[in-house]
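For reference, the chains in residue letters:
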Amino acid sequence: QVQLVESGGGLVQAGGSLRLSCAASGRTFSSYAMGWFRQAPGKEREFVAAITWNGGGTNYADSVKGRFTISRDNAKNTVYLQMNSLEAEDTAVYYCAAGPSTGWRHYDYYYWGQGTQVAVSS
């Protein structure tokens, strides 16, 4: 069992940056791939980024490539999402998730956090 808690969301102007964190409980954190998803009002949850269990591989949605960076620190049981050059279209609730691989589908992941709100003003 893995419990996930996101933090770091907030309100930022377009062009600004935020860093999201996802703290995991449980000794098996380092055995899971981790992903970030987001859901905007009235839209389906969509894949943002994912990272392998050891941080050796990453995967990004086309919409965030070159702007967002996913990383992890297994010693701290934490995964991060650095978001730069934010746009109004990035406004959403951001969720972290743990699963067996860096898939882009929500059902590729077993465990989910409660989400953190990111709002970008234009």
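A few points on the structure. What you are looking at is a predicted structure, and each value in this text was computed from that prediction instead of being measured.

## As for the packing of aromatic side chains
Pairs of aromatic rings are described using the distance from one ring centre to the other and the angle between the two planes. In the structure shown here, the tally under the stated rule is six aromatic pairs. Ring centres of F37 and F47 lie 5.6 Å apart, and the angle between their planes is 75°; this geometry places the pair in the edge-to-face category. With F37 in strand β4 (residues 33-39) and F47 in strand β5 (residues 46-51), this residue pair connects regions lying ten residues apart in the sequence. The same class applies to F37 and to F47, which are both buried. In textbook terms, an aromatic cluster arises when at least three aromatic residues are bridged by ring pairs, as seen for F37, F47, Y109 and W112.

## Topic: the pairing of strand β8 (residues 78-83)
Buried residues dominate β8, accounting for five of its six residues. Summarising the sheet, strand β3 (residues 18-25) and β8 pair through six bridges and their orientation is antiparallel. Of the residues in β8, the one forming a bridge with A23 is T78. Alignment of strand β7 (residues 68-73) against β8, held across six bridges, turns out to be antiparallel. Opposite D73, over in β8, you have T78 as the bridge partner. Here β7 hands over to β8 after four residues, with N77 in that stretch at a positive phi of 55°.

## Digging into the nonpolar core
L4, W36, L81, M83 and Y94 are the most contacted members of the largest nonpolar core, which has 36 residues in total. Every element with two or more residues in this core is listed here: β3, β4, β5, β7, β8, β9 (92-99) and β11 (116-121). Contacts of M83, omitting those with residues within four sequence positions, involve G16, S17, L18, L20, R67, F68, Y94 and V118.

## Observations regarding the pairing of β3
As paired strands, strand β1 (residues 3-7) and β3 are joined by five bridges and run antiparallel to one another. Bridging from a neighbouring strand, L4 pairs with A24 of β3.

## Notes on unusual backbone geometry
The residue N77 is not glycine, and still its phi comes out positive at about 55°. In this structure, N77 sits in the loop between β7 and β8. Phi at S85 is positive, roughly 50°, even though this residue is not glycine. Within the secondary structure layout, S85 lies in the loop between β8 and β9. Using a relative accessible area of 40% as the deciding quantity, one classes S85 as partly exposed.

## Points about the sheet that holds β7
Working definition: the strands of a sheet are paired by backbone hydrogen bonds and lie parallel or antiparallel to each other. Spatially, the four strands line up as an open sheet ordered β1-β3-β8-β7, and their pairing is antiparallel. At either margin of the open sheet sits one strand with a lone partner, and together these are β1 and β7. Strand-to-strand twist in this sheet, taken as the mean axis angle between neighbours without regard to direction, amounts to 15°.

## Focus: the side chain of E6
Along the chain, the position of E6 falls in strand β1. One buried charge, E6, has no salt-bridge partner; the nearest side chain with opposite charge is R45, at 7.6 Å. Within the local environment of E6, its side chain forms a polar contact with the backbone nitrogen of Q114, the two atoms lying 3.1 Å apart. Those residues in contact with E6 that lie beyond four places of it in its chain are S21, C22, W36, Y94, Y95, C96, G113, Q114, G115 and T116.

The rules behind each value
- Per-chain numbering applies: the sequence of each chain, read as written, is numbered from 1 onward.
- Two thresholds apply to this predicted model, a pLDDT of at least 70 for residue-level local features and 80 or more for giving and counting side-chain atom pairs, whereas whole-chain, interface and lining totals are computed over all residues.
- Where side-chain values are given, they derive from all heavy atoms of the structure, hydrogens and water being excluded.
- Note on aromatic contacts: the rings of Phe and Tyr and the six-membered ring of Trp form a pair at centre separations within 6.5 Å, being stacked when their planes are under 30 degrees apart, edge-to-face when over 60 apart, and tilted otherwise.
- By definition, any uninterrupted DSSP run of H or I lasting at least four residues is a helix, any uninterrupted run of E lasting at least two residues is a strand, and each is numbered from the N terminus.
- Buried means the residue's accessible area, taken with a 1.4 Å probe over protein chains only, is under 20% of the maximum for its type, while exposed means over 50%, and partly exposed covers the values in between.
- Following DSSP output, two strands are said to pair if at least two bridges run between them.
- The definition of a nonpolar core used throughout is a set of buried Ala, Val, Leu, Ile, Met, Phe, Trp, Tyr and Cys residues joined through side-chain atoms within 4.5 Å.
- Only heavy atoms matter for contacts: two residues are in contact if any of them lie within 4.5 Å across the pair.
- An axis is simply a line fitted to the C-alpha atoms; with a helix, the fit covers only the stretch in contact. Between two such axes, the angle follows the N-to-C directions and lies from 0 to 180 degrees.
- Residues scored as positive are Lys and Arg, those scored as negative are Asp and Glu, and His as well as the terminal groups of each chain are ignored.
- The working definition used for a salt bridge is a side-chain nitrogen of Lys or Arg within 4 Å of a carboxyl oxygen of Asp or Glu.
- Identification of polar contacts relies on pairs of N or O atoms within 3.5 Å, with a donor-acceptor requirement for protein atoms, meaning one able to donate a hydrogen and the other able to accept it, and with residues adjacent in sequence counted only if both atoms are side-chain atoms.

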